[in-house]
Amino acid sequence: PQVSGVIDYTEIYPDVFLSDEQRLDIRRSMKIHNGTVALLKMTQCMDGTAKYLYDRQVNVWIVSDNDLQERAQYNALLSGAIGVVSDRTDELLDIACNKLPKNTLTRAPLNIGHRGIPANAPENTVEGSLFAYEQGANVIELDVYLTKDNEVVVMHDGTTGRTCNKDLNVEASTLAQLKELYVNKGYENNSKYKNCRIPTLNEYLEAFKGKDCQLFIEIKSGKPAIVKAVKACVDAYDMYDQCSVITFNEGIMAAMRKDYPEMSVGALCSGYMAGLDPEEDFRAAMTFIGKYNATLNPSAGGYEASDLRAALQRGISIYPWTFRGNLDTYKNYFMWGFSGLTGDNANV
C-alpha cells in the first residue's frame, strides 16, 4: 500500500476521444484497483480528459509520441496531466523552464467551498452552498450524519446548538425532529437566510445535479452503515460523476474500501509534512493513506511547494484546509500547485 500504482489504459481505450462514461470507468477502475496514476495516450487528453479526471481525484500521465513536434510538446505540458512519458524529456524540460512564461497555470486548484461560504451565508445549507457556487466554488464540501431513522442529513457538529435555534443530538433525532429547526444562528434577521432548514444529502444532490460543481461529502458519523446510505443517495441521483467522500474516521475509510470501493475517499488529518525531508514525510503519509487509496486532505499549516512535488510524483493529490481570509497564504498554496484549496471565502 505504500507504493504508487500506475495503471496503463492506452490499449484498453484505443479511441482518440473518450466519452464521459469511459472516463468514469477509468475513475472506477483506478479507485477499485488502488491506482494513483492513470496512463493515457496524449491524443486522448487534448479534449479535457486530464482535467475531467483531475477534478475527480484521478491524476494522469500522458504518453507522448517520440516524434513529438514543438507545438505538441507545448500541448502535452498544458494538458492538465501531472506527468509526460517521453523519450525527449530534455526538450520538454527546456520548454517548461525556459519558454513558457513565468507562472504559467497548467492546472487550476479546485476552489472548495468549506461548508458552502460560511463567511457570507449559513454553513451546510443548500442556500449557502448555491451562493458559494455562484461566487466561484467548483467544489462544495458538506458534512453528513445518519439520523435515528437512517436518513443522511447535512450538519457539521454532532449537535445542532451552534448553528440552529434549538440544540438536538443529530444521530439521536429523527429527520422530522431535525426538520423543525432553523439553521439561522447569526442570520435571524436576514430575510434571505432566516428560514434555512437542515438539509438532507438528497436535497443537496437534487440542487447540484447537472451543475459544473463537485461535492466533497465529509462523513462525520462513525457508523459504518452510513457508507451504504451515502452510496444509495448518490446512486439514486446518478451522481457518481459529481461526488467524492472525505473523512477523519479510519473506520469509515475501511468501510469505504469494503462497501463503496469505486468512490474516491480523502483522508482528513493534521499535517503530515512538517518535517525537514518531504520525501521521508510523504513515505510516512503513504503508510496511512496507501491502505485506503486515499487522497491527502490535511490541515494547511507547514506545507510548501516541495511537499506538493513529493505527492504529485507519486500521483497523490493534496487538498489543504481551511483558508480564512489570509490572502497571502492562499496565494502561496495556489501558486505551489496544490490540487484544491478549501476555504470559507469561495469568492476569493
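See the structure printed just above.
The present account deals with the structure reproduced in this document. All figures in this text were calculated on a predicted structure; none of them were measured in a lab.

Considering the nonpolar core
Core analysis: the largest hydrophobic core is formed by 98 residues, its most contacted members being V230 and F282. Examining the composition of this core, we find that six residues originate from one element, helix α8 (residues 225-236), more than from any other. Other than its neighbours up to four places away in sequence, V230 contacts V144, V152, L201, I217, I219 and V245. Counting seven residues, the second-largest nonpolar core is a separate cluster that includes L110, V139, I246 and L268.

Let's talk about the sheet that holds strand β1 (residues 6-8)
The four strands lie next to each other as β1-β2-β3-β4, forming an open sheet whose pairing is parallel. At either end of the open sheet lies a strand with only one pairing partner, and these are β1 and β4 (83-85). Sheet twist, expressed as the mean angle between neighbouring strand axes with direction ignored, is 30°. Both strand β2 (residues 37-41) and strand β3 (residues 59-63) contribute to a ladder of five bridges, which runs parallel. When the sheet's bridge partners are listed, L39 is paired in β3 with W61.

A word on empty space enclosed by the protein
Taken as a whole, this structure holds three cavities of 30 Å³ or more when the rule is applied. The space that makes up the largest cavity amounts to roughly 110 Å³. In this structure, the largest cavity is lined by 13 residues; those nearest its centre are K31, T36, Q57, T295 and G315. Here the residues of the lining of the largest cavity sort into four nonpolar, eight polar and one charged. One number sums up the size of the second largest cavity: a volume of about 90 Å³. Together, 14 residues line the second largest cavity, and F323, G325, Y330, N345 and V348 are the ones closest to its centre. Elements represented by at least two residues in the lining of the second largest cavity include exactly β5 (110-114), α12 (327-336) and β12 (340-343). Partitioned by chemical class, the residues of the lining of the second largest cavity number seven nonpolar, five polar and two charged.

Focus on unusual backbone geometry
Most of the time, phi is negative for any residue but glycine, and the peptide bond is trans. Following W321, the chain continues into T322 via a peptide bond in cis, with omega recorded as -15°. Turning to its location among the elements, T322 is positioned in the loop between α11 (305-312) and α12. In this structure, Q57 takes a positive phi of about 65° despite not being glycine. Mapping Q57 onto the fold places it in the loop between α2 (49-54) and β3. A relative accessible area of 5% places Q57 in the buried class.

Overview of the pattern of salt bridges
When their charged atoms lie close together, side chains carrying opposite charge are able to pair. All told, the structure shown has 18 salt bridges when counted by the stated rule. The residue K99 makes a salt bridge to E70 at a minimum N-O spacing of 3.1 Å. One end of the pair, K99, is in helix α4 (residues 89-99); the other, E70, is in helix α3 (residues 70-77), with 29 residues separating them in the sequence. For E70, a relative accessible area of 41% gives the class partly exposed. With its nearest N and O atoms 2.8 Å apart, the salt bridge here joins K179 to E203.

Topic: the environment of C269
Residue position: C269 is located in strand β10 (residues 265-269). Residue C269 is classed as buried on the basis of its relative accessible area of 8%. Residues C269 and L296 lie 27 residues apart in sequence; the distance between their C-alpha atoms is 7.7 Å. For C269, the residues in contact, after removing those within four places along its chain, are F248, F288, L296, N297, P298, S299 and W321.

As for the packing of α8 against helix α9 (residues 250-259)
Relative to each other, α8 and α9 sit at 50°, their axes nearing to 9 Å. Relative to α9, the element α8 is oriented oblique. In the packing of α8 onto α9, the handedness of the crossing is right-handed. Taken together, the residues of α9 that come into contact with α8 (itself represented by I226, V227, K228 and K231) are I252, A255, M256 and D259. The class makeup of the residues in the contact of α8 with α9 is five nonpolar, no polar and three charged.

A few points about the packing of aromatic side chains
Scanning the entire structure with this criterion turns up 13 aromatic pairs. Ring centres 6.3 Å apart and planes at 75° place the aromatic pair Y303 and F338 in the edge-to-face group. Of the two residues, Y303 sits in the loop between β11 (295-298) and α11 while F338 sits in the loop between α12 and β12, which places them 35 residues apart along the sequence. By relative accessible area, which is 3% here, Y303 ends up buried. Taking relative accessible area as the criterion, F338 reaches 0% and is therefore assigned buried. Each ring, one from Y333 and one from W336, has its centre 5.3 Å from the other, and the planes form 50°; the classification is tilted.

Rules used throughout
Residues numbered from 1 in each chain as written. Predicted model: local features only at pLDDT ≥ 70, side-chain atom pairs only at ≥ 80, totals over all residues. Heavy atoms only, no water. Core = buried A, V, L, I, M, F, W, Y, C linked by side-chain atoms within 4.5 Å. Buried < 20%, exposed > 50% of the residue type's maximum accessible area, 1.4 Å probe, protein only. Helix = DSSP H or I, 4+ residues; strand = E, 2+ residues; numbered from the N terminus. Contact = heavy atoms within 4.5 Å. Pairing = 2+ DSSP bridges. Axes fitted to C-alpha atoms, helices over the stretch in contact; angles between N-to-C directions. 1 Å grid on protein atoms, 1.4 Å probe; cavity = no way out; pocket = protein on both sides within 12 Å on 5 of 7 lines; lining within 4 Å. Points joined across faces, edges and corners; volume = space filled by probe spheres on them. Nonpolar A, V, L, I, M, F, W, Y, C, P; charged D, E, K, R; others polar. Salt bridge = Lys/Arg side-chain N within 4 Å of Asp/Glu carboxyl O. Parallel < 35°, antiparallel > 145°, perpendicular 65-115°, else oblique. Left-handed = near helix turned anticlockwise from the far one by under 90°. Phe/Tyr/Trp six-rings, centres within 6.5 Å; stacked < 30°, edge-to-face > 60°.

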